[in-house]
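Here is how the chains run, residue by residue.
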Amino acid sequence: MKTKKTILTNIVDYTFDKIAFDMDFRLIRVQLQDNSEQSQFQQIVQRIDVIAMTNLSSSMCYLLMVRRGTSVTELEKSNLVFEIIRLGNIPDNVYENQVFQLLLNQESALENLQPEKNKSPHLLISLNDWVNKPKRTNDWKQRYALRVGLNWESDLDLKVQTYTHFPKSKETDELFYWNSERRNLQKSFMHKESVLFRYKNGTGRNSTVAFLNLEQIEKFEVSEVGVAWILLTNVSKHFGKYFEQLPKYLGSEVLQFDKQKLDNKAAIWRQFKGEIINIYYDSNEPLTKVLALEISHALQDSGILNDYGIQIKLSDKSSSGFNIQIIRDARDTGNISDTYEVGDSQRYIQHATIENFGGFDKRTNALNWQLDQTGKVDAANDDTLVKLAQELIIKRDLANRDASIISLPLVKKHVIINFTELSGYSNPH
């Protein structure tokens, strides 16, 4: 008899004990009429004993969790629209996954910590080493975090977000501070903490967290799967009395499994075999030449590109064939000329800006893109250059109305599905 294989999904299966929950807690739904009420709302949240809070479907609507019997006089004296809710009689505009989020927000990704009040709308896990360090300047501090949420389909959703320290900020900015004990980012209401972060990257490089690492327990615990596992374990351990069925990840039967060896990421360069890649800059913008030089030198030193007979050319104008144009980002600015050049069937052009790709820092007027200098990494394996190469090949395929980058075995594994929009149906959340 063939053994059935199952795989754990990120779907959380649980059932609240609503009577037990309502014996200890109350929910408060607060609807703001416009942004002018935000300041008053934030002050009230600070004055009443809120255990946790989260956003509802709109950024102007919040769900608060308080102990049963907590005074709401401050809300009653205000002009804010609110209603007190029991989980056992939950209205149509509040969902159980949002109540689960309130429990989740009180947890940490550490196994030995008890839940704690958290007035941030989201759970933002940011472990010790989750920092980005600039290569050429020490002026800015940056942390990244896993934003953890349970969506209306009960999927535990984890998104990596980057938060940057800005010495100067507006009073209306939503700022966060790092709680070193709980290893998370929490909302700052008074803006008095010494280092404050705002949700913004600005470097052009995405922060990443390993999806799964099974080399050793310490590495597993700092991967996305490890964090998700610890969080659900903590919710069950700390809030188990409020569930008829403890939260668990649903398993799904594996119907078909096909193990294929994936191409090395550097395999994309095979598409350029024997070709010339022209990297060109704007002669009126010196920093575009600086970045073009760094990229061209890195690729010229690549053993993998040399094996494929790929030539790298540096110039100040496009040519027929493959091109990478280094430009300034002229969007939303009035003092930078727009030199973006559109390719055609003869010239395939992919663009890289000094602001995003180059990680341009306006305060130091310096670029932060730099290839690994240890000599251990071939430029053909650099993630940013591989992505640039992939997008350039896609530009070529679009120009030629071809799909050479997609392998035939992959195409055979998929079917074409036509979607028809049905009017009268809306997302339930």
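For clarity, every value in this text was computed on a predicted model and none was experimentally measured.

### Some details on the side chain of R143
Looking at where R143 falls in the secondary structure, it is placed in strand β8 (residues 142-150). For the buried R143, no salt bridge exists, and the shortest N-O distance to an oppositely charged side chain is 7.2 Å, to D129. Reaching out from R143, the side chain makes a polar contact with the backbone oxygen of L127 at a distance of 2.4 Å. A polar atom in the side chain of R143 sits 3.3 Å from the backbone oxygen of N128. When residues no more than four places from it in sequence are discounted, the contact partners of R143 are S126, L127, N128, W130, V131, Q161, T162, Y163, W178, L185 and F197.

### Some details on helix α4 (residues 96-104)
Extensive coverage of α4 is indicated by the burial of 8 of its 9 residues. Looking only at α4, the buried set comprises N97, Q98, V99, F100, Q101, L102, L103 and L104.

### Thoughts on the layout of surface pockets
Its boundaries defined by the atoms lining it, the largest pocket holds a volume of some 1200 Å³. Lining the largest pocket are 42 residues, and of these N55, Y62, P121, E174 and K187 sit closest to its centre. At the level of secondary structure, the elements contributing two or more residues to the lining of the largest pocket comprise α2 (38-47), β3 (50-55), α4, β8, β9 (156-165), β10 (175-179) and β11 (184-188).

### Things to note about the confidence of the model for the chain
Residues with a pLDDT of 70 or more make up 86% of the chain, whose mean pLDDT is 85. Overall, residues 410-429 carries pLDDT values under 50, and its contacts beyond four positions in sequence, including any with other chains, amount to 11 contacts.

### Concerning the pairing of strand β16 (residues 321-327)
The buried count for β16 comes to 6 of 7 residues, which makes it a mostly enclosed element. As paired strands, strand β14 (residues 276-280) and β16 are joined by 4 bridges and run parallel to one another. Across the sheet, Y280 pairs through a bridge with Q325, a residue of β16. Of the pairings in the sheet, the one linking β16 to strand β17 (residues 347-353) comprises 7 bridges and is parallel in character. Across the sheet, the residue bridging to I326 is A352, located in β17.

### Regarding the sheet that holds β3
The 4 strands lie next to each other as β3-β4-β2-β5, forming an open sheet whose pairing is antiparallel. The strands lining the two open edges of the sheet, one partner per strand, are β3 and β5 (81-85). Across the sheet, the axes of successive neighbouring strands diverge by a mean angle of 20 degrees, strand direction being ignored. Two strands pair when backbone bridges link them, and β3 and strand β4 (residues 61-67) are joined in this way by 5 bridges, in the antiparallel orientation. Paired with V50 across the two strands is V66, which belongs to β4. Its contacts with the sheet put α4 on β2 (25-31), β3 and β4, and the angle it makes with β4 is roughly 60 degrees.

### Details of the packing of α4 against helix α6 (residues 224-239)
The relative placement of two packed helices comes down to the angle between their axes together with the axis-to-axis distance. Where α4 meets α6, the closest approach of the two axes is 10 Å, and the angle between their N-to-C directions is 90 degrees. By the criterion of interaxial angle, the relationship of α4 to α6 is roughly perpendicular. In this structure, α4 contributes F100, L103 and L104 to the contact, and α6 contributes L231, L232, V235 and F239.

### Points about the pattern of salt bridges
Throughout the structure, instances matching the rule amount to 14 salt bridges. Taking the shortest distance from any N to any O, the salt bridge between D49 and K117 comes out at 2.4 Å. With D49 in the loop between α2 and β3 and K117 in the loop between α4 and β6 (123-125), this residue pair connects regions lying 68 residues apart in the sequence. For K117, a relative accessible area of 45% corresponds to the partly exposed category. Put simply, E355 and R328 hold a salt bridge, and the shortest N to O gap is 2.6 Å. Taken as a pair, E355 in the loop between β17 and α9 (383-400) and R328 in the loop between β16 and β17 lie far apart in primary sequence, 27 residues in all. Owing to a relative accessible area of 12%, E355 belongs among the buried residues under this scheme. In this structure R328 comes out as buried when scored by relative accessible area, which is 15%. One continuous salt-bridge network, built from bridges that share partners, spans E285, R328 and E355.

### Quick word on the nonpolar core
Among the nonpolar cores identified, the biggest contains 42 residues, and F21, F100, I125, V148 and L156 are the most heavily contacted of them. Residue contributions to this core peak at 6 residues, all from α6. Ignoring any residue separated from it by four or fewer positions in sequence, one finds F21 in contact with L27, M65, L87, V99, L103 and Y242.

### So, the sheet that holds β16
Within the open sheet, the 4 strands sit side by side as β15-β14-β16-β17. Their pairing is parallel. The open sheet has two free edges, formed respectively by β15 (311-315) and β17, since each of these has just one partner strand. The sheet shows a mean angle of 25 degrees between the axes of neighbouring strands, taken without regard to direction. Strands β14, β15, β16 and β17 of the sheet are contacted by helix α7 (residues 286-300), whose axis makes an angle of about 165 degrees with β15. In this fold α9 packs onto β14, β16 and β17, with an angle of close to 145 degrees to the strand it touches most, β17.

### Side note on α7
Spanning 15 residues, α7 covers 21 Å between terminal C-alpha atoms, matching the ideal 21 Å at 1.5 Å per step. All of the buried residues in α7 are L287, T288, L291, A292, I295, S296, A298 and L299. Taken down its axis, α7 places every buried residue within 165 degrees of arc, on the same side. The secondary structure elements touched by the buried residues of α7 are β14, α8 (303-307), β15, β16, β17 and α9.

### A look at unusual backbone geometry
Unlike most non-glycine residues, H191 shows phi in positive territory, near 60 degrees. Take H191: it is sitting in the loop between β11 and β12 (197-199).

Reading guide: rules and limits
Residues numbered from 1 in each chain as written. Predicted model: local features only at pLDDT ≥ 70, side-chain atom pairs only at ≥ 80, totals over all residues. Heavy atoms only, no water. Helix = DSSP H or I, 4+ residues; strand = E, 2+ residues; numbered from the N terminus. Buried < 20%, exposed > 50% of the residue type's maximum accessible area, 1.4 Å probe, protein only. Lys, Arg positive; Asp, Glu negative; His and termini not counted. Salt bridge = Lys/Arg side-chain N within 4 Å of Asp/Glu carboxyl O. Polar contact = N/O pair within 3.5 Å; in protein donor to acceptor, adjacent residues only side chain to side chain. Contact = heavy atoms within 4.5 Å. 1 Å grid on protein atoms, 1.4 Å probe; cavity = no way out; pocket = protein on both sides within 12 Å on 5 of 7 lines; lining within 4 Å. Points joined across faces, edges and corners; volume = space filled by probe spheres on them. pLDDT = per-residue confidence, 0-100. Pairing = 2+ DSSP bridges. Axes fitted to C-alpha atoms, helices over the stretch in contact; angles between N-to-C directions. Parallel < 35°, antiparallel > 145°, perpendicular 65-115°, else oblique. Core = buried A, V, L, I, M, F, W, Y, C linked by side-chain atoms within 4.5 Å. Expected span 1.5 Å × (residues − 1). Arc of directions from axis to C-beta.

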